[in-house]
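# Summary of the model geometry
Each chain, letter by letter, is given below.
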Amino acid sequence: MVFLDFEKPIADLYEQLNKLRELDNQGDINMEEMVESLEKKIEIEREKLYKNLSAWQRVQLSRHPERPYTLDYISRIFTDFIELHGDRNVHDDKAIVGGMAKLDGKPVMIIGHQKGHNTKERQFRNFGMANPEGYRKALRLMRLAEKFNMPVICFIDTPGAYPGLEAEDRGQAEAIARNIYEMSHLKANIICYIIGEGASGGALGIGVGDRVFMLENTWYTVISPENCSTILWRSWDYKVKAAEELKLTPEHMFNFNLVDGIVPEPLGGAHSDYDEMAATLKKHIATNLKELAKEGNKNMVRKRIEKYRNMGKFHIKEG
């Protein structure tokens, strides 16, 4: 169990609990009452701690090394998943995974960023930072979904699109812009979920949908707090302040009408209970797909375009 720095009070309690359990297992002293008492205390402290998290603490939780990623959700929510590879031009970008699957027996197309649970996996997946071919693979799968009338489900979790020179040489900006344009006109229902980090164009490349949701401990903004701090204050030391000023939490995004809702996580974050989080997400996806199916395809594209045109606030000065 990995604890973040702001979770230290809970980590200390868990350490005490483990010691009590060891003594109890040895059988010399009955520690059941003390164990139960400490377990109750931990639950109370956890509720207090996670009730009022700061923006920076939510950023930290979104990056938790044990947090579930796209493939973790796919294995728990969907059946008959068949991964599809490559953009039919350069190669298969491992930072984005996608393929066909079934949700309660109905076919869907799933696309999502994939990080890794250890150093080797993270390097293999390029830390969830996609190259242009990753976004072009995603677009290929979306067009396939449109052809066979399948809804598209996108899972977003990236610190940003890969910023390397080779990515720029192969048209990173064009690939993301093309996806934004094509997703706005795609004749298939699209639901997007920010399951971790939702940074910059890397998130927008698979982030245009009929409905967009954020998990409770995620963030969504144009730039990471660290990079914002570097630009404004020329130092990473102000990342906590930057996180607050960016207004990047799910609550802020929902109040700004930039997302359509917030999906609750288990107490302690999605990583504390994979199965509970997956069950919540599955129910949420199924409900929204049914609602979109009832609305029909007649005005799908028009509604999607209007949704994004109405975002933001502006004032037209006359004269």
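Preceding block: the structure.
All figures in this text were calculated on a predicted structure; none of them were measured in a lab.

Right, let's get into the overall build of the chain. When helices and strands are counted, the chain shows 14 helices and eight strands. Here the C-alpha radius of gyration of the chain, 21 Å, is about what a compact globule of 319 residues would show, namely 20 Å. Principal axes of the C-alpha set define a box for the chain whose edges measure 75 × 55 × 40 Å. Out of the 319 residues belonging to the chain, those deemed buried represent 50%. Counting contacts in the chain only where the partners sit at least 6 residues apart, residues at least 24 apart contribute 71% of the total.

Together, Ile231, Leu232, Trp233 and Tyr238 make up an exposed nonpolar region whose accessible area comes to about 420 Å². Residue position: Trp233 is located in helix 10 (residues 225-233). According to the relative accessible area criterion, Trp233 is partly exposed, its value standing at 30%.

Our focus in this paragraph is helix 11 (residues 239-246). Taken as a whole, helix 11 has its buried residues at Ala242, Ala243 and Leu246. On an axial view of helix 11, the arc spanned by its buried residues comes to 100°, and they lie on one face. Those residues of helix 11 that are buried are in contact with helix 3 (55-62), strand 7 (219-221) and helix 10. Trailing helix 11 by a residue or two, Lys247 shows a phi angle of about 55°, which is positive.

Right, let's talk about the pairing of strand 6 (residues 211-215) for a bit. Among the five residues that make up strand 6, five are buried, leaving the element largely enclosed by the rest of the structure. Covered by surrounding structure in strand 6 are Arg211, Phe213 and Leu215 together with Val212 and Met214, the residues of both alternating faces. Of the strand pairs in this sheet, strand 5 (residues 190-199) and strand 6 are connected by four bridges, and their pairing is parallel. Within strand 6, the position partnered with Cys192 by the bridge is Val212. Bridge analysis of strand 6 against strand 8 (residues 261-263) gives three bridges, and the strand direction is parallel. Pairing of Met214 across the sheet is with Ile262, part of strand 8.

Under the counting rule described, the total for this entry stands at five aromatic pairs. Residues Phe155 and Tyr193 carry aromatic rings whose centres are separated by 6.3 Å and whose planes lie at 50° to one another, so their mutual orientation is tilted. A residue pair is termed long-range when its members are at least 10 positions apart, and Phe155 in strand 4 (residues 152-158) and Tyr193 in strand 5 qualify at 38 residues. Each member of the pair, Phe155 as well as Tyr193, carries the same accessibility label: buried. Taking the centre distance of 5.2 Å and the plane angle of 25° together, the rings of Trp233 and Tyr238 count as stacked. Through successive ring pairs, a cluster of aromatic residues spans Tyr73, Phe155, Tyr193 and Phe213. Taking the ring centre of Tyr308 as reference, the NZ or CZ of Lys307 above it sits at 5.8 Å.

Our focus in this paragraph is the layout of surface pockets. Of the volumes computed, that of the largest pocket is approximately 380 Å³. Along the walls of the largest pocket sit 17 residues, with Lys106, Pro151, Leu289, Lys290 and Ala293 positioned nearest its centre. For the lining of the largest pocket, the element with the highest residue contribution is helix 13 (residues 274-295), accounting for four residues. For the lining of the largest pocket, the residue count by class is ten nonpolar, four polar and three charged. Taken together, 17 residues make up the lining of the second largest pocket; nearest its centre are Pro159, Gly160, Ala199, Ser224 and Asn227. Elements represented by at least two residues in the lining of the second largest pocket include exactly strand 5, helix 9 (200-204) and helix 10. Per-element tally for the lining of the second largest pocket: the top contributor is helix 9, with three residues. Counted by class, the lining of the second largest pocket contains eight nonpolar, six polar and three charged residues.

This next bit is on the pattern of salt bridges. For the structure shown, the criterion picks out 26 salt bridges. Close ionic contact of Arg58 with Glu251 constitutes a salt bridge, the shortest N to O distance being 3.8 Å. With Arg58 in helix 3 and Glu251 in helix 12 (residues 250-255), this residue pair connects regions lying 193 residues apart in the sequence. You can call Arg58 buried: its relative accessible area is 7%. Using a relative accessible area of 32% as the deciding quantity, one classes Glu251 as partly exposed. Glu133 is the partner of Arg170 in a salt bridge, and the nearest nitrogen-oxygen pair spans 2.9 Å. Of the two residues, Arg170 is situated in the loop between helix 7 (165-169) and helix 8 (172-185) and Glu133 in helix 6 (residues 132-147); the sequence distance between them amounts to 37 residues.

What counts, and where the lines are drawn
Numbers given for residues are sequential positions, taken from 1 along each chain in its written order. Residue-level local features of this predicted model are given only where pLDDT is at least 70; pairs of side-chain atoms are given and counted only at 80 or more, and the full residue set underlies all totals for whole chains, interfaces and linings. Excluded from the side-chain calculation are hydrogens and water; included are all heavy atoms of the structure. By the criteria applied, helices consist of DSSP H or I runs no shorter than four residues and strands consist of E runs no shorter than two, each listed in order from the N terminus. With C-alpha atoms as the basis for the radius of gyration, the globule rule is written as 2.2 Å multiplied by the number of residues raised to the power 0.38. Any residue under 20% of the maximum accessible area for its type is buried, any over 50% is exposed, and the rest in between are partly exposed; the area is computed with a 1.4 Å probe on protein chains only. We call two residues contacting when some pair of their heavy atoms lies within 4.5 Å. Candidate patch residues must exceed 30% relative accessible area and have no salt bridge, after which like charges are joined if within 9 Å and Val, Leu, Ile, Met, Phe, Trp or Tyr side chains if within 5 Å. The method behind every accessible area is Shrake-Rupley, applied with a 1.4 Å probe, and residues are considered shielded solely by the protein chains displayed. Whenever a carboxyl oxygen of Asp or Glu lies within 4 Å of a side-chain nitrogen of Lys or Arg, that contact is scored as a salt bridge. The arc in question is the one spanned by the directions pointing from the helix axis to the C-beta atoms. In this scheme, strands are said to pair when DSSP sees at least two bridges between them. Within 6.5 Å between ring centres, the rings of Phe, Tyr and Trp (the latter by its six-membered ring) count as paired, and their orientation is classed by plane angle as stacked under 30 degrees, edge-to-face over 60, tilted in between. Look at NZ for Lys and CZ for Arg. If either is within 6 Å of the ring centre and within 35 degrees of the ring normal, a charge sits over the ring. Of the two site types, the cavity is a set of points on a 1 Å grid over the protein atoms alone where a 1.4 Å probe fits but cannot get out, and the pocket is an open set with protein on both sides within 12 Å along at least five of seven lines, each lined by residues with an atom within 4 Å of a point. Grid points are joined across faces, edges and corners, and a volume is the space filled by probe spheres set on the points. In this classification, the charged set is Asp, Glu, Lys and Arg, the nonpolar set is Ala, Val, Leu, Ile, Met, Phe, Trp, Tyr, Cys and Pro, and all remaining amino acids, among them Gly, are polar.

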